[in-house]
Amino acid sequence: MSAAEAVSVRAERKLTLTKGSQAALFVLAVVVTCRLLGAHFEWLVKWPAALTVPMADWMTWLVGGFLDIFKPIARAFTFLVSYPMEWVGWLLNAVPWPMIVAVVTAIGWMIGGIRLAALGFFGLMFVVFTGYWSQGMNTLALVAVSVPLALVMGAAIGILAFEYPRMKGAVNALLDVMQTVPTFAYLVPLLVLFGFGPVVGLIASAIYAAPPMARNVLLGLERVDTEIREAAVMSGGTRRQQLFLVELPAATQQIMIGVNQCLMAALSMVIIAAVIGGFDDIGWEVLQTMRKALFGPAFLAGSVIVVFAIIIDRMSAALAEPRQPQDRNVALGILAVGAAVTIWSLFAGWSPTGVAAMDGIAKRVDEGVGVFTATYGSTLDSVKNTSMFYGLLPLRIGLAEAVLPFTWGFAWTVKHTAMLYGAALLISLILIFKGRVTAAVMVLIIAYIAEIGVAHLAWPVVILGAGAIGWVSGGWKLARLAVILLSLILISGLWERALLSLYLAGAAVFACAVIGGLLGLWSAMSTTAWMVLRPICDFLQTIPLFVFLIPVLMFFQIGEFSAFIAICMYAVVPMIRYTRHGLVSTPDEIIEAATASGAGKWQTMFEVRAPFAAPTILLGLNQTILYAFAMLVIAALIGTTELGQSIFLALGQYDVGLGITAGAAMAILALVADRLVQGFAEERRQALGL
Amino acid sequence: MTDTNSTAPAIAVEDLWQVFGENAAPALRDARGAGDDKAIAKELKDKTLIPAVRAANFEVKSGELFVIMGLSGSGKSTMIRCISRLIEPTAGSVRIDGEDILQASDKRLIDLRRHKLGMVFQHFGLFPHMTVADNVAFPLKMQGAGKAERRARALEVLQMVGLEGREDAYPRNLSGGQRQRVGIARSLAVNPDIWFLDEPFSALDPLIRRQLQDEFLNIQATLKKSIVFITHDIQEALKLADRIAIMRDGEIVQIGTPEEIVLHPVDDYVAEFSKDVPKGRHACVESILMDGIPDNMPDDPGIKIGMTLDTALTKCMELYEPVPVRDAEGKVIGAVHPHELANALQAEET
Ligand SMILES: Nc1ncnc2c1ncn2[C@@H]1O[C@H](COP(=O)(O)OP(=O)(O)OP(=O)(O)O)[C@@H](O)[C@H]1O
Ligand SMILES: [Mg+2]
């Protein structure tokens, strides 16, 4: 081999780039183009207004016409549903509270023994003493009517998808949409359809709660053992007999998990739907007190919601587990005591309305918060300001704008830009020298983002960047999907707000990934840590989204930072759980092999467990992203300027078009992020042969 | 019941193929050009399809106990799933009492399953949400029987399999062997004419297994069902079978009576199955009759038709000339050579 040949071979070897580095180089090319030419061609950075399509108006027109057609039917439905709703509401309010406490306690006893009976009793007694009994019952009435609706709808969808496998793809897509479209977004068309009033909340919560039921019914049916299915066939059952006498009952456990999730979703949504107002329920109470900055009452009302959520969750979760039969007489005894207390309270004339036994607590909380913020106000402010000025703000509008003399101590000039890119270039050269081309290119792209901020990213960078990531993680099909969907937002005129959503969700997801990842790692390493973290995770996952806003508001007031914290609190949980789960569920023989090779605890963790856990951790990240987007809309209640706020605006103005378009934009962001991460998880899983 | 052709075999399977994978039917049609069955199977495998049953041809006579044996994954369960049309065969035909079951309407199939076919599943397939009695009575419920009648019949068959007293337990509270017996009881509840059993005794301990095998032979002697029985256990196969089919990789390599399988295996694969079988106890003298009867046989140790090789050999230990074989009336109907007897028994040791 001659020297020339050797050189050419080496050059060739150097030029074979991985898929990842090809994509990164492509994005870098786009970045460079936009950065250099952006000043001369404005359309490269900012999509020309002339080319935006009045998508919201079209939607108003299109959906409006559609809604007009269905309005009479919907109104009739409203009329029909309002009866059972009123009836249940009346019933729950008319039945004396001791009886309801007794019934719930007795149910708790029957399904979970003393533990759940105690939970039911103390939980409801707490509600009695807060004085929010009647508001609580109104909320429960909504749940009681919407849940059966959601269960029937969900079960029907699940069975349909199972019976007609050809429809499965379509059904799954529908369920994805039902769950990713932000809850507020479909409140607007629902308001138009069903008219103002509590029925809208009921329908919205049924729509929101049906998908988990449908998914679990489908999953349960699919998991029924083939031979059980075949045994029903060989017994000569008709298809309907097979389904209802064998397959559905055999799937009970999975279906009960669906019921549990359905209940929780319905409760969460009923409370969210309170923003429409007009109904004296507990969500409304929270909202009202929060708006008036009455933190004590908001805290109490929020606790009532949490108590409901915990009782409903634990009891319905217990239904999914096999259990021992309990002594019926105890339940009867509890009911008898309830009846006795009822009679006493009738004679004594004691009713929970207006009870203020807890107002002392509320006041104390108020004062406590007051004192706390007074004492630590400067600390809190500095935490908030530091994160805003040095973290969130630069991420949003870029160092070039965020670096100001009064925060950073100097003004950003061209010199600094040159220094930033110079440093990035240096790092990337070192990385290239080490053969890590992808990382090197990424450093340059990150420098660009740091300079101008997420909110000012040139549109080709975002769209083609997402396309490139899609190409790496899932091939051309995914790339096409990402580009087309994002382009829809671009031409809809909601692009700027979408970028803001992207920024806030991105920042939260990043924070969650770091913090959650570390906490997950910690709980994987230490059982004590998990013992502490686990109930916290359980708790955070049980309480309705709305409630997260209360403590955040107490300490950080209205604003972007509070929204950020609320999102993080909610979205960090799956990251912790999945990271830990992935790390601890590495097969034993692999760990043993590592130990036998002389690997230490941390070595095993990083060399063996971490790669093995990668797909699971990625799934956790995926969940975190979806959670973050779900919370984003709720967090808009306390002051953000992104898509979530547009949705609120639409809700306030009854603007169907804007509501749907903004909702769809939000859903697109969530969906694209979800698919991209899932693609990577899938690729990792296959690489590991799982 | 329905009119059936009484002279037809209970089950007739012709050129039956079951290919798993996407677009199996067209792939099989294309592959037919490749030549013989082996070539077809190879071509299918190259397309990452799984030919689980290949060109199966056999008949089960009315009242016959037909055993299918083969290694794990050789397609035994798939075969009976095809015959009972739990899965749709890719090609071929299956007749039950002369009726083409692959053409049967859904309604007809339900009818057949309610009254004529019974099946015991390899992993029992018990309904987890029903008590033992409800499980057993389920086929009766499908037939539309009343509650009291169902309960009575369920208790009756449960007694038959030795599970009296457990009728109100749930399957999860039973041991593996008990569950299997519930499965057997369930398939017996409607008294089917044709009975498919997929390794029905595999989860039982040897003692119970022998007991149930004997019970099973009793039932069969009185009820005379047509049975397809799958097992891994050669002893069990030899004990129960009228005929045995041996499967390998989806292909039936040999069909024959127990003696034929033991004494004349067509290849090493079949021979391997009966390697540890003491042949003398299973094969009868008929299987080694000489062609023709020699004119002059000096000795007559009293060999009778139906005598096992072991017994026959002890009778002619010292003899070197062919000896006559007589039927029950004492008429000479053939002859065996003692040398052949010894050879037949020795075949196993090598
Ligand atoms: N539904 C299916 N889809 C794809 N392949 C299948 C399916 N059912 C069975 N097979 C394949 O067909 C082949 C035969 O399987 P089958 O269950 O009939 O074996 P078997 O002889 O009953 O084995 P065992 O003794 O272990 O029960 C196996 O390779 C199996 O993987
Ligand atoms: Mg099998």
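Let me sum up the structure you'll find in this document. (Residues numbered from 1 in each chain as written. Chains lettered and ligands numbered in written order. Predicted model: local features only at pLDDT ≥ 70, side-chain atom pairs only at ≥ 80, totals over all residues. Heavy atoms only, no water.)

## Overview of the layout of surface pockets
All names here are of chain A. Empty space within the second largest pocket amounts to approximately 1,900 Å³. Along its surface, the second largest pocket is lined by 49 residues, and M442, I449, I469, L502 and G506 are the ones closest to its centre. Broken down by secondary-structure element, the contributors of at least two residues to the lining of the second largest pocket are α2 (19–37), α15 (359–397), α19 (437–452), α20 (459–492), α21 (495–525), α26 (601–635) and α28 (656–687). No other element matches α21, which puts twelve residues into the lining of the second largest pocket. (1 Å grid on protein atoms, 1.4 Å probe; cavity = no way out; pocket = protein on both sides within 12 Å on 5 of 7 lines; lining within 4 Å. Points joined across faces, edges and corners; volume = space filled by probe spheres on them. Helix = DSSP H or I, 4+ residues; strand = E, 2+ residues; numbered from the N terminus.)

## Focus: empty space enclosed by the protein
As enumerated under the stated definition, the model contains four cavities of 30 Å³ or more in all. What the largest cavity holds in volume is close to 100 Å³. Forming the walls of the largest cavity are A:A231, A:M234, A:S235, B:R113, B:L117, B:G118, B:M119, B:F121, B:P139, B:R186, B:S187 and B:V190. Those elements that provide at least two residues to the lining of the largest cavity are α9 (226–234) of chain A together with β6 (117–120) and α7 (176–188) of chain B. Here the lining of the largest cavity takes three residues from β6(B), the largest share from any one element. For the lining of the largest cavity, the class distribution of residues is seven nonpolar, three polar and two charged. Estimated volume of the second largest cavity: approximately 80 Å³. (Nonpolar A, V, L, I, M, F, W, Y, C, P; charged D, E, K, R; others polar.)

## Remarks on the coordination of the magnesium ion (ligand 2)
Residue and element names in this part refer to chain B. Around the magnesium ion (ligand 2), the donor atoms from the protein are S77 (OG) and Q122 (OE1), and they sit 1.9 to 2.3 Å away. Here S77, found in helix α3 (residues 76–83), pairs with Q122, found in the loop between β6 and α5 (132–143); they are 45 residues apart in sequence, far enough to count as distant. S77 sits in the buried class, given a relative accessible area of 16%. (Donors = N, O, S within 2.8 Å, 3.2 Å for Na, K, Ca; no water. Buried < 20%, exposed > 50% of the residue type's maximum accessible area, 1.4 Å probe, protein only.)

## Side note on the interface of chain B and chain A
The partner chain A presents 16 residues to the 24 residues of chain B that form the contact. Summed over both partners, the interface of chain B with chain A buries about 1,800 Å², with 67% contributed by carbon and sulfur atoms. Interface area lost by chain B to chain A is led by B:R113, B:H129 and B:M142, which between them contribute 26%. In this structure, the connection of chain B to chain A is made through two salt bridges. The partner of B:R81 in a salt bridge is A:E230, with the nearest N and O atoms 2.6 Å apart. Between the two partners, chain B and chain A, sit six residue pairs in polar contact (both at pLDDT 80 or more). Secondary structure elements with two or more residues in the side of chain B that touches chain A: α4 (106–115), β6 and α5 of chain B. Counting residues per element, the side of chain B that touches chain A draws most heavily on α5(B), at four residues. Considering only residue class, the side of chain B that touches chain A consists of 14 nonpolar, five polar and five charged. (Contact = heavy atoms within 4.5 Å. Buried area = accessible area lost by both parts, 1.4 Å probe. Salt bridge = Lys/Arg side-chain N within 4 Å of Asp/Glu carboxyl O. Polar contact = N/O pair within 3.5 Å; in protein donor to acceptor, adjacent residues only side chain to side chain.)

## Here we look at the sheet that holds β6(B)
Residue and element names in this part refer to chain B. The strand order across the open sheet formed by six strands is β6-β7-β8-β3-β9-β10, and the pairing between neighbours is mixed. Two strands in the sheet have a free side with no partner beyond their single neighbour: β6 and β10 (251–256). In this sheet, neighbouring strand axes are inclined to one another by 15 degrees on average, regardless of whether the strands run parallel or antiparallel. The pairing of β6 with strand β7 (residues 194–198) spans four bridges and is parallel. Paired with V120 across the two strands is L197, which belongs to β7. Lying over the sheet, helix α8 (residues 206–223) contacts β3 (65–70), β7 and β8 (226–231), oriented at roughly 160 degrees with respect to β8. (Pairing = 2+ DSSP bridges. Axes fitted to C-alpha atoms, helices over the stretch in contact; angles between N-to-C directions.)

## Remarks on the nonpolar core
Core analysis: the largest hydrophobic core is formed by 254 residues, its most contacted members being A:F184, B:M79 and B:F196. The biggest single contributor to this core is helix α13 (residues 295–320) of chain A, with 16 residues. Of all hydrophobic cores here, the second largest spans 64 residues; its members include B:A169, B:V182, B:F201 and B:L341. (Core = buried A, V, L, I, M, F, W, Y, C linked by side-chain atoms within 4.5 Å.)

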